Amino acid sequence: MTVAPIAPNGVFPFGTHVYREPHKDYEQLLTDLPLLRRLGFNMIKIQESWAIDEPAEGEYDLSRVTRLMEAARRENLGVYLGLTMEQAPAWMWDRFPEAAMIGSDNLPFVDPTQYCMPADAKPGPCWNHPGARAAAETFMRALAGRLADFDNLWTWNTFQEVGFWNNLPKNPEFVGYCYCPYTIQAYRRWLREHYSSLKVLNEAWSTGYSDWEHIDPPRRYRSSPAMLDWRYYMENVYLTEVLRWKGEVLRSADPAGRPVFAHVGHPTVASGQEWRWAQACDFFGTSNYPAWDPFEPWDDAWPQRESMDVTRFYELWHAMFFRNELVRSANGRGRAFWGAEFQGGPISTYLHLGRTPAAGDIRQWLLAGLAVGMHGISFWNHRAEHFWHEGNGFGLMDRVEQSSERIEEAGRVARAINADPAVFVHSEPPPAQVALVVNEHLYQFMAGSRANALELLQSNLRGHYGRLWQLGIPVDFIELTLAEPADLSQYRAVILPFSLALGDREAAVLTSYVEHGGTLISDAAPGRHGRYGFTSRTQMFDGAEVLFGAEQSGLSIVDEPDDRRWTPAPRGAGEIRPATVCEGLGSFAGTSVRANVYLQTFTPRSADPILVVGDDVVGVRNTYGDGTAVLLGTVSGLSATAHIHGPTNDFMWKLLVEAGVTSDRTGALLRRRRVLDDQQAWFLVNPTAETVVESVDLRGFTLERDLLDDSITEQSDTSVTVTVAPYQIACLVVRHDS
């Protein structure tokens, strides 16, 4: 499938954010544009502010934006224009004071301050309020009409880092927005559409409502069926509708019909929200600040996080590959995927100043972004921030420099891409052989389960990905609540991470996948709870005993091998089983799996035991229909990052090989591909702390170029030798001989 370009003339959009209010260096900015163009940048990003651009109702001041766009046009620079609609003008709040979002504490979130920090004024007005919505729509139409004649306007961004971002002191009882009358009525309408009758809703929730108007969203206790639907509505339905509404307004007001997108900060790991948000846009993107938080406190690497080797490794696989592959999967195939914000300088948060990236960091991050499939890249920022919270951070240059090694390196990559951009503009990674499952309903259940349930879900998914990444196995993510059996059928193996809650529909999709020839690998206790949180009779989803060919005989918490990171303190003796390792049986003899969180034991019926602890069977494999269902009685992804256990990787590798999965490597180098007809870009990733020299087999392909002309050290008719520095990436563009 060929991806349609966003920029004209087939160029790869490569730019940087240059302007948002409050801005203090406007005249210097105008003199910077020729420098950006000379370096190889072909696009700038402007973030407009509704509050600044419409200071009085119906009076528009777009002079700063239009002057900058005119200057960019003279330099042949495209413009990516972001709308900060959540930063509403003072007159709007004065006219519609009831437009504020209401929190679960029944208090309005009122902050009319006209500053972009914090969080670009999120959560902003409630867009279910008709007055606020109409006022915003009028402004967006005026803006689109005024900028319509600028042929260098390439795309609109309607929501920078989608979300609510409540910006309130931490309160464990606060469960978010918006409890205003307009949203509650919209929620009731959605419930009417979602459930065919009150009788159906009452059966699902185990409630006794006699009138739709009696339904009021829960405000305190998260562990209830009503809360599952309420949070689903706000995060998946409300935000999706907001994105769709903004996009429709701009498209109808822009005679050029330029594409409209939005982007997230970090993906909401293990959630399906991004799948819904992405489909409301023409394409989708993500922010990339690899040095911000590449580690998690449970990681074995956490105590080593001041090691540069460890830091660069985690920035590579976790911050760049894992997060972006989640969003790429959510975006879907055949659509542009953008690195909408890229870290350009040190992370700065008040008094905490991070490391200044070196040229090698910029190179690593950019090539990783290309490897996961980005079709456009924009830095944040070309010059350092000047405002309080993020002051003196993030820029490719500081406020007085005329150049820097990192902006020069960014320009070098930009020029290399656009020397022959087609493969990067139109290609995407080929479908993977393995899919990892995410599930929005499961996410909401775990978020409502308190303790560290959500952390376990997210860390386990991340661990599964990290293991596959190191094994050289590309991965797609599948959102199970949206998937049909045909969506899974292309994968040789599907991994179902820790899925304590599973709905009947989702269970049927997985069962059909196995029945028609797929291999399903599940962590412990799939469907121990149903869609609405109620426990199942067998302590697995209905039909699991037949699918996996085994019944549960027991379930217990299992301890960790040394320091406790997620295990609760016992209330008394006998609650926690000692830390243990599960031993492989049969064809898995000699392998083992570390037990994490739970140890689920089984009585096999039709299944073959493949893992045991003493006399207890803790892993089974069953033939079902034309496929294979594997049930592991523990949470196996965690041991890829926490209490790391290498033999678990070997066990999982053997399971995947038996499913027909192959890795894509060149010796010690991991290979990622982007494919456009007979042309491919090969990204050769060095995941080690040593410089790697490898011979790359070219048989069947012709080398067209070494993207950055710094990796090939030897070349013959059938191979090239590449040298790749630690945690770096080489990129070769090749063409299939056929």
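A brief report on the enclosed structure follows. (Residues numbered from 1 in each chain as written. Predicted model: local features only at pLDDT ≥ 70, side-chain atom pairs only at ≥ 80, totals over all residues. Heavy atoms only, no water.)

**Notes on helix 15 (residues 453-471)**
Residue pairs three or four apart in sequence face the same way in an α-helix, which turns once every 3.6 residues. The cut-off we apply is this: Starting at the N terminus, helices and strands are each numbered in turn, a helix being any DSSP run of H or I of at least four residues and a strand any DSSP run of E of at least two. To estimate the expected span of a helix, subtract one from its residue number and multiply by 1.5 Å. For each residue, the accessible area found with a 1.4 Å probe, counting protein chains only, is set against the maximum for its type, and the residue is called buried under 20%, exposed over 50%, and partly exposed in between.
Its 19 residues give helix 15 an end-to-end C-alpha distance of 27 Å, which sits within 8% of 27 Å, the value for a rise of 1.5 Å per residue. Summarising burial for helix 15: 16 of the 19 residues are buried, a large majority.

**Section: the sheet that holds strand 26 (residues 692-697)**
By way of backbone hydrogen bonds, the strands of a sheet pair with one another, either parallel or antiparallel. We count it as follows: Here, any two strands with at least 2 DSSP bridges between them count as paired. For helices, the axis comes from a line fit to the C-alpha atoms of the stretch in contact; other axes are also lines fit to C-alpha atoms, and the angle between any two N-to-C directions lies between 0 and 180 degrees.
With respect to topology, three strands assemble into an open sheet ordered 26-29-28, the strand pairing being antiparallel. With one partner strand each, in any of the chains shown, strand 26 and strand 28 (712-715) form the two edges of the open sheet. The sheet shows a mean angle of 20° between the axes of neighbouring strands, direction not considered. With six bridges connecting them, strand 26 and strand 29 (residues 719-724) associate as antiparallel partners. Its bridge partner lying in strand 29, Val696 is registered against Val720.

**Remarks on unusual backbone geometry**
For the peptide bond that leads from Glu21 to Pro22, omega is -5°, which places it in the cis range. For the bond running from Trp380 to Asn381, omega is 5°, close enough to zero to count as cis. Take Asn381: it is sitting in the loop between strand 10 (376-380) and helix 12 (405-419). One non-glycine residue, Asn9, lies in positive phi territory at about 65°.

**Some details on the pattern of salt bridges**
As a reminder, the rule being used: What makes a salt bridge here is a side-chain nitrogen of Lys or Arg within 4 Å of a carboxyl oxygen of Asp or Glu, nothing more.
This structure, assessed with the given rule, holds 50 salt bridges. The closest approach of N and O atoms between Glu137 and Arg141, which form a salt bridge, is 3.4 Å. Of this pair, Glu137 and Arg141 both sit in helix 5 (residues 130-147), four residues apart, which is roughly one turn of that helix. Relative accessible area serves as the criterion here: at 36%, Arg141 is assigned to the partly exposed category. Put simply, Arg231 and Glu235 hold a salt bridge, and the shortest N to O gap is 3.5 Å. A residue pair is termed a helical-turn pair when its members lie 3 or 4 positions apart in one helix, as Arg231 and Glu235 do in helix 8 (residues 225-253) at four residues.

**Side note on the packing of helix 6 (residues 181-194) against helix 8**
If you want to describe how two helices pack, look at the angle between their axes and the distance between the axes. Cut-off, in case you're wondering: Between 65 and 115 degrees an angle is taken as roughly perpendicular, under 35 as roughly parallel, over 145 as roughly antiparallel, and anywhere else as oblique. We call two residues contacting when some pair of their heavy atoms lies within 4.5 Å. Following the grouping adopted for this structure description, the nonpolar residues are Ala, Val, Leu, Ile, Met, Phe, Trp, Tyr, Cys and Pro, the charged ones are Asp, Glu, Lys and Arg, and the polar ones are all others, Gly among them.
Following both chains from N to C, one finds helix 6 and helix 8 inclined at 105°, their axes separated by 11 Å at the closest point. Classified by the interaxial angle, the pair formed by helix 6 and helix 8 is roughly perpendicular. When helix 6 is examined against helix 8, the residues Thr183, Ala186, Tyr187, Trp190 and Leu191 are found in contact with a partner set consisting of Ala226, Asp229, Trp230, Tyr232, Tyr233, Met234 and Val237. A breakdown of the residues in the contact of helix 6 with helix 8 according to their chemical character gives 10 nonpolar, one polar and one charged.

**Points about helix 10 (residues 308-331)**
Worth spelling out the cut-off: What the bend at a residue measures is the angle between two axes, fitted to the seven residues ending there and to the seven starting there. Within 3.5 Å is the distance limit for a polar contact, defined as a pair of N or O atoms, with the added protein rule that one can donate a hydrogen and the other accept it, and that residues adjacent in sequence qualify only through two side-chain atoms.
In a regular helix each residue adds 1.5 Å, so 24 residues correspond to 34 Å; helix 10 covers 32 Å between its end C-alpha atoms and thus fits that length. The sharpest bend along helix 10 reaches about 30° and sits at Glu315. At the N-terminal end of helix 10, a side-chain oxygen is found 3.4 Å from the backbone nitrogen of Asp309, two or three residues along, and the residue is Ser307. Looking one or two places after helix 10, you find Gly332, whose phi comes out positive at around 90°.

**Section: the side chain of His441**
By the element assignment, His441 lies in helix 14 (residues 440-447). Among the residues examined, His441 registers a relative accessible area of 16% and is labelled buried. Once residues lying within four places of it in the same chain are set aside, the contact partners of His441 are Tyr232, Thr481, Glu506 and Arg531.

**Here's the deal with the packing of aromatic side chains**
Put simply, the rule reads: We call Phe, Tyr and Trp rings a pair once their centres come within 6.5 Å, taking the six-membered ring for Trp, and we label the pair stacked below 30 degrees between planes, edge-to-face above 60, and tilted otherwise. By definition, being over a ring means that NZ of Lys or CZ of Arg is both within 6 Å of the ring centre and within 35 degrees of the ring normal.
Counted under the stated rule, the structure contains 44 aromatic pairs. On the basis of an interplanar angle of 55° and a centroid distance of 6.0 Å, the ring pair of Phe14 and Phe379 is categorised as tilted. Of this pair, Phe14 sits in strand 1 (residues 14-20) while Phe379 sits in strand 10, placing them 365 residues apart in sequence. For the pair formed by Phe14 and Phe379, the shared burial category is buried. Taking 5.7 Å as the distance between ring centres and 65° as the angle between the ring planes, the aromatic pair formed by Phe342 and Phe379 counts as edge-to-face. One end of the pair, Phe342, is in strand 7 (residues 337-343); the other, Phe379, is in strand 10, with 37 residues separating them in the sequence. The burial state of Phe342 is the same as that of Phe379; both residues are buried. An aromatic cluster of at least three residues, connected via ring pairs, comprises Phe295, Phe313, Tyr314, Trp317, Phe321, Trp469 and Tyr727. The ring centre of Trp165 lies 4.2 Å from the NZ or CZ of Lys122, which sits over that ring. Across from the ring centre of Phe588, 5.9 Å away, lies the NZ or CZ of Lys654, which sits over that ring.

Structural measurements only, silent on function.
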